[in-house]
Protein chains: 2
Amino acid sequence: MSALLHIAIDAMGGDRGASISVPAAVAAAREFSDVRFTLIGRQAELQRELGGEVPANVTCLHAADVVEMTDHPRDALRRKKDSSMRRAIDLVKTKEAHACVSAGNTGALMATAHFVLKMLPGVERPAIVSLIPSRGGHTYMLDLGANASCTPEQLSQFAVMGSVLAADLQGAHDRPRVGLLNIGAEEIKGNDIVQAAHNLLAASDLNYVGFVEGDDIFSDKVDVVVTDGFTGNVALKAMEGAARLIADALREEFSRTALRKLGYLAARPALKALRTRIDPRRYNGASMVGLNGIVIKSHGGTDLYGFQRAIEVAVLEARNGVPARIAQRLGASLEV
Amino acid sequence: MSALLHIAIDAMGGDRGASISVPAAVAAAREFSDVRFTLIGRQAELQRELGGEVPANVTCLHAADVVEMTDHPRDALRRKKDSSMRRAIDLVKTKEAHACVSAGNTGALMATAHFVLKMLPGVERPAIVSLIPSRGGHTYMLDLGANASCTPEQLSQFAVMGSVLAADLQGAHDRPRVGLLNIGAEEIKGNDIVQAAHNLLAASDLNYVGFVEGDDIFSDKVDVVVTDGFTGNVALKAMEGAARLIADALREEFSRTALRKLGYLAARPALKALRTRIDPRRYNGASMVGLNGIVIKSHGGTDLYGFQRAIEVAVLEARNGVPARIAQRLGASLEV
């Protein structure tokens, strides 16, 4: 692997394909002049989007196939071996690239990455992890949808992976605080899996703070929130939905009368600052952790700004050698 | 049972006990002059809060014990047989009251109500259901935490109960649209339980629209969202947490500079209208459905306005004879 950091980009994924990924990669290439970027996709489309001025640290790689959002993961894996997604993951496998980024079909990306890269030793299942804005800054939450059900051991592995990300990438805490998502009703403190995971975590060398509830995700009590992919996915989408409902209601209320529209003008600086703070694009770029390689999933519907954030996550994880750090931590901490 | 509707109120429950429940009951008694209210709790405290002018349709019933927030549900059930909570439920059991309301310990309320009232025929487990604000108005979501795990049959019974509430209490639709909460990742469309529940619902005579995701709770695609109590509780708290984070950030941004404070004044009408729309107190009052009697749980930390809303839910369910309607619908629709 060359000394220069190298990021492979599936340029065809996402709702708007190369029209987003190419300018985002060019912007990232200007931001990180010491990193190489390879755009993978249909040559003609890449060239058209690149236009004349191409930064020296951006190159293109032709791939004839595209994984569609509607493709079944199994079919994408078996039949689209020359897709931009597959080629990006292959570059990580052969260690030509340090990380890859895709805004494509989540299921296909997970299945292909899992098949090609395999798991890190000590990790049974990959998990999807992302930053969530919180009072303390942000929280890493996982799994966000890779596993509809999880064993206690898998939840405990997720806790280690989340801790590595929080400690190495955010650097806020040497020993990030880990919480296990549960429900608060006294009668039934969760199910058997959550209880068993609780016991594993309490016996581990992680900084485990115990059970947390859904609203604690946004508190400054924890740096990492662990849950299964079913609960995590529903919770993530529920909070996104709630935020969108509030944003829409705010817009409606401010456009109801002429006076309120005037009020909006006076309030605009504060409202813009709020929008920036909770902008979901800022948190774009989820990691598929546990794999033997770095795979970053961008939201399919994101824009240039959002895709650039996902590329930044890839650069950050590659710089910190996240998979190696996870393997190291798992060897050390999960002798359970 | 007398012809007059009669609501029993556990006056001692919640963070602020009689100081909230008593004035809320008095306000409700003025709103519903054709409904009788019985306040249950320590006579001296009830009298002190009632003061001089007591509406004719409010009476008091002395109960020496109080279930504390820290009491274990089992202990509350076994040892506090003269608690205000237990006496309120007993009045529903003996059919002296048509419904009861409590802001007390959720686990104790559920355990006691389950033990005293028993289940409706055809329902295996009680579920906690509440209205959630949405684009279309609101959505009934259940279970919100009574059952950490559920069988497909139980989820299917929840769907029937949610449909009855949506049809009879909201009256918006004769055939409320029911969605089953699931995750969207293509690779793994949920777990076996969700798949089996999906098949049961598709074969039922409910207006089942299929799987929905976390953000669909707020859409106008569905009137009822069904899920297990673990996922439902986490999702509910996650959305509440997200809303609170946004509200706090809004307040912060508007108080950052003198100019922004001025901007706030101009924006206040719109912001107040927003606050009213998403005010969680408006949605206070969750039902414990599936029991052979109406039990409404108020949020423990609510205020007079919020507690009054919970009482209104009790009146509405009592007027509509919800338990009988559920039993009737279950006999008709769940021959699976």
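Preceding block: the structure.
First, a word on scope: everything that follows refers to the structure included in this document. (Residues numbered from 1 in each chain as written. Chains lettered and ligands numbered in written order. Predicted model: local features only at pLDDT ≥ 70, side-chain atom pairs only at ≥ 80, totals over all residues. Heavy atoms only, no water.)

### Re the overall build of chain A
When you go through chain A residue by residue, the secondary structure sums to 11 helices and 11 strands. Computed over the C-alpha atoms, the radius of gyration of chain A is 21 Å, within 12% of the 20 Å expected from 2.2 N^0.38 for a compact globule of 336 residues. Taken along the three principal axes of its C-alpha coordinates, chain A extends 65 × 60 × 35 Å. When the 336 residues of chain A are sorted by exposure, 58% land in the buried category. Contacts in chain A between residues far apart in sequence, at least 24 positions, make up 69% of those at least 6 positions apart. Surface accessibility of chain A: about 13,200 Å² in total, with carbon and sulfur atoms responsible for 51%. Each charge sign in chain A was given a centre, from 38 positive and 38 negative side chains, and these centres are 5 Å apart. (Helix = DSSP H or I, 4+ residues; strand = E, 2+ residues; numbered from the N terminus. Rg over C-alpha atoms; globule rule 2.2 N^0.38 Å. Buried < 20%, exposed > 50% of the residue type's maximum accessible area, 1.4 Å probe, protein only. Contact = heavy atoms within 4.5 Å. Areas by Shrake-Rupley, 256 points an atom, 1.4 Å probe, with all protein chains shown as cover. Lys, Arg positive; Asp, Glu negative; His and termini not counted. Charge placed at Lys NZ, Arg CZ, Asp CG, Glu CD.)

### Thoughts on the sheet that holds strand β9 (residues 224–226) of chain B
Residues and elements named next belong to chain B. Taken in spatial order, the 11 strands of this open sheet run β3-β2-β1-β4-β11-β10-β5-β6-β9-β7-β8, and their pairing is mixed. Each having just a single partner strand, β3 (58–62) and β8 (207–212) make up the two edges of the open sheet. Neighbouring strand axes in the sheet, compared pairwise and without regard to direction, differ in orientation by 25° on average. Relative to strand β4 (residues 99–102), strand β1 (residues 5–10) runs parallel, the two being bridged by 4 bridges. For Ile7, the partnering residue across the bridge sits in β4 and is Ala99. Across the sheet, helix α7 (residues 192–203) is in contact with β7 (177–181) and β8; its angle to β8 comes to roughly 160°. Of the strands in this sheet, β5 (127–134), β6 (137–142) and β7 are in contact with helix α8 (residues 229–254), which crosses β6 at around 145°. (Pairing = 2+ DSSP bridges. Axes fitted to C-alpha atoms, helices over the stretch in contact; angles between N-to-C directions.)

### Side note on the pairing of β3 of chain B
Consecutive residues of a regular strand have side chains that alternate between opposite faces of the sheet. Residues and elements named next belong to chain B. With 5 bridges joining them, strand β2 (residues 35–41) and β3 adopt parallel strand pairing. Paired with Ile40 across the two strands is Leu61, which belongs to β3. Crossover handedness for the path β2 to helix α2 (residues 43–50) to β3: right-handed. (Right-handed = clockwise from strand over helix to strand, strands pointing away.)

### Some thoughts on the state of the cysteines
Under the criterion given, the structure shown has 0 disulfides over all chains. You can see Cys100 of chain B has no disulfide; the closest cysteine sulfur is in Cys60 of chain B, sitting 17 Å from it. Given the relative accessible area of 2%, Cys100 of chain B is considered buried. The thiol of Cys150 of chain B is not disulfide-bonded; the next cysteine sulfur, from Cys150 of chain A, is found 18 Å away. (Disulfide = S-S within 2.5 Å.)

### Brief notes about the packing of aromatic side chains
The description of two aromatic rings rests on the distance between their centres and on the angle between their planes. All told, the structure shown has 2 aromatic pairs over all chains when counted by the stated rule. Both rings, one in Phe254 of chain A and one in Tyr264 of chain A, keep their centres 5.6 Å apart while their planes meet at 65°; by these two values the pair is edge-to-face. On the criterion of sequence distance, the pair formed by Phe254 of chain A in helix α8 (residues 229–254) and Tyr264 of chain A in helix α9 (residues 258–278) is long-range, its members being 10 residues apart. Arg309 of chain B extends its terminal NZ or CZ atom over the ring of Tyr305 of chain B, reaching a point 4.3 Å from the ring centre. (Phe/Tyr/Trp six-rings, centres within 6.5 Å; stacked < 30°, edge-to-face > 60°. Lys NZ or Arg CZ within 6 Å of the ring centre and 35° of its normal.)

### Concerning the pairing of β5 of chain B
All names here are of chain B. Counting buried residues in β5 gives 6 out of 8 residues, a clear majority hidden from the surface. Across 3 bridges, β5 lies against strand β10 (residues 286–289) in antiparallel orientation. Among the inter-strand pairings, Val129 is bridged to a residue of β10, identified as Ser287. Where β5 lies against β6, 6 bridges are found, and the strand directions are antiparallel. Paired with Ile132 across the bridge in β6 is Thr139.

### What about the pattern of salt bridges?
Going through the model one piece at a time under the given rule, you end up with 42 salt bridges over all chains. Note that Arg177 of chain A is salt-bridged to Asp223 of chain A, the shortest N-O span being 3.0 Å. Of this pair, Arg177 of chain A sits in strand β7 (residues 177–181) while Asp223 of chain A sits in the loop between β8 (207–212) and β9 (224–226), and the two are 46 residues apart along the sequence. According to the relative accessible area criterion, Asp223 of chain A is buried, its value standing at 9%. Note that Arg42 of chain B and Glu45 of chain B form a salt bridge whose closest N and O atoms lie 3.9 Å from each other. (Salt bridge = Lys/Arg side-chain N within 4 Å of Asp/Glu carboxyl O.)

### Details of the packing of helix α4 (residues 84–93) of chain B against helix α5 (residues 106–117) of chain B
All names here are of chain B. The N-to-C vectors of α4 and α5 enclose an angle of 30°; their axes lie 10 Å apart at closest approach. Considering their axes alone, α4 and α5 lie roughly parallel with respect to each other. Remark: the crossing between α4 and α5 carries right-handed chirality. For the pair formed by α4 and α5, the contact residues are Met85, Arg86, Ile89, Asp90, Val92 and Lys93 on the first element and Ala108, Leu109, Thr112, Ala113, Phe115, Val116 and Leu117 on the second. Tallied by class, residues from the contact of α4 with α5 come to 9 nonpolar, 1 polar and 3 charged. (Parallel < 35°, antiparallel > 145°, perpendicular 65-115°, else oblique. Left-handed = near helix turned anticlockwise from the far one by under 90°. Nonpolar A, V, L, I, M, F, W, Y, C, P; charged D, E, K, R; others polar.)

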